Each structure stands twice: as C-alpha cells, then as structure tokens.
Amino acid sequence: MIRLVSLLVFAVIIAACLGGDAPCQSTGIYCYICESTKHANCDDPFNYSLPHNMHPPLMTCNGCCVKMVFDDGSNFRRVRRTCTSMIDIDLFMVDRVCMGESTGTGHMCFCEYDMCNSAISLSYHPLIINLLISSLIFFASTAIMKFLK
C-alpha cells in the first residue's frame, strides 16, 4: 500500500513536469537582436560590465530568444542573437536547448526568459531539473516510509 502511494505521488509529479507549457510560447520577453558582424558587443563572450546603452538592442519577442553561432572555430565565426518570431524555423524542433548545426561548425540555442540569449551556453533544461527533484522526493519518501514501518 505504501509503495502504491509512493508510486502514485511520483507519477503525479512526473505528469506535472511533462505536462508543462509548450516550448517557445512566451509572450513579451526581451531578447537581444544583433549580429556580431554589425555590432561589436554582440559577440561572445557577452560583456555584462558595459553600460546598458552599449549592449546590443533589445526587442520584445513572442516565442523564444535565440542565439546562433556560425563557423565556430574559424576566422569567420559570427554570432546572431534574435527571437524565433524573426527566423524561419520549425518550432516542433525547438525545446529550450542547444542544437548543433549539421556541418558541426555551429549551434543554435533557445531560451524563454528576458535577455537569456546573452548567455555563452544555454543549458540545464527545466524538465531535467524537475525530474531530478522529483526523483529525490520519490526516493526520500520511500526511505521515510520504510523507516516508519
């Protein structure tokens, strides 16, 4: 019986994590809009210590902020920061993570909070963090139930 209750609690937590909002459905988030070939402060690493008037321009976006790196590791490396509403992309493929370019010389990262496309690396998907926390809660509750028997 205790095991059944623990499994039910775990299933509810997992369902809540998986049933969250769809990626790139945010409205009214601020994203940097720039290209490193046209704006010196668009490149990586992003310089947070500069006065705000020297940062790349911000735009209110609906969807996700995007950071694209092209020709990484070459003299022609460039960075573009934008939002999904400004590029032609299949949002089915987007899931608040980074994806490598098919040529292996670049990547594209997506995120959903203000100015997040300034980050060098966009990682730690919220679902993974939720699953880890849920697993810890499940195993802790199982251990407590065993101890109380």
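Just above, that's the structure.
Bear in mind that the values here come from a model prediction, so they are computed numbers and not experimental data.

Across its full length, the protein chain carries two helices and seven strands. Taking all 149 residues of the protein chain together, the buried fraction comes to 31%. Once local pairs closer than 6 in sequence are excluded, the contacts in the protein chain between residues at least 24 apart make up 66%. A total of about 9,500 Å² of accessible surface is found on the protein chain, and carbon and sulfur atoms cover 65% of it.

Below, the discussion takes up the environment of leucine 58. Within the secondary structure layout, leucine 58 lies in strand β3 (residues 58–62). Sequence spacing of leucine 58 and threonine 82 is 24 residues, and the spatial spacing of their C-alpha atoms is 9.1 Å. Aside from chain neighbours lying at most four places away, what touches leucine 58 is Tyr30, Cys31, Tyr32 and Met115.

A cluster of nonpolar side chains, Tyr30, Leu58 and Met115, forms an exposed patch at the surface whose accessible area comes to about 260 Å². Here tyrosine 30 shows up in strand β1 (residues 27–32).

The subject of this paragraph is the pairing of strand β5 (residues 78–83). Note: strand β2 (residues 34–35) against β5, two bridges, orientation antiparallel. Within the sheet, the bridge partner assigned to cysteine 34 lies in β5 and is arginine 81. Two strands pair when backbone bridges link them, and strand β4 (residues 65–70) and β5 are joined in this way by six bridges, in the antiparallel orientation. Across the sheet, residue lysine 67 finds its bridge partner in β5, namely arginine 81.

What counts, and where the lines are drawn
- Residues numbered from 1 in each chain as written.
- Predicted model: local features only at pLDDT ≥ 70, side-chain atom pairs only at ≥ 80, totals over all residues.
- Heavy atoms only, no water.
- Helix = DSSP H or I, 4+ residues; strand = E, 2+ residues; numbered from the N terminus.
- Buried < 20%, exposed > 50% of the residue type's maximum accessible area, 1.4 Å probe, protein only.
- Contact = heavy atoms within 4.5 Å.
- Areas by Shrake-Rupley, 256 points an atom, 1.4 Å probe, with all protein chains shown as cover.
- Patch = residues over 30% accessible without salt bridge, like charges linked within 9 Å, V, L, I, M, F, W, Y side chains within 5 Å.
- Salt bridge = Lys/Arg side-chain N within 4 Å of Asp/Glu carboxyl O.
- Pairing = 2+ DSSP bridges.

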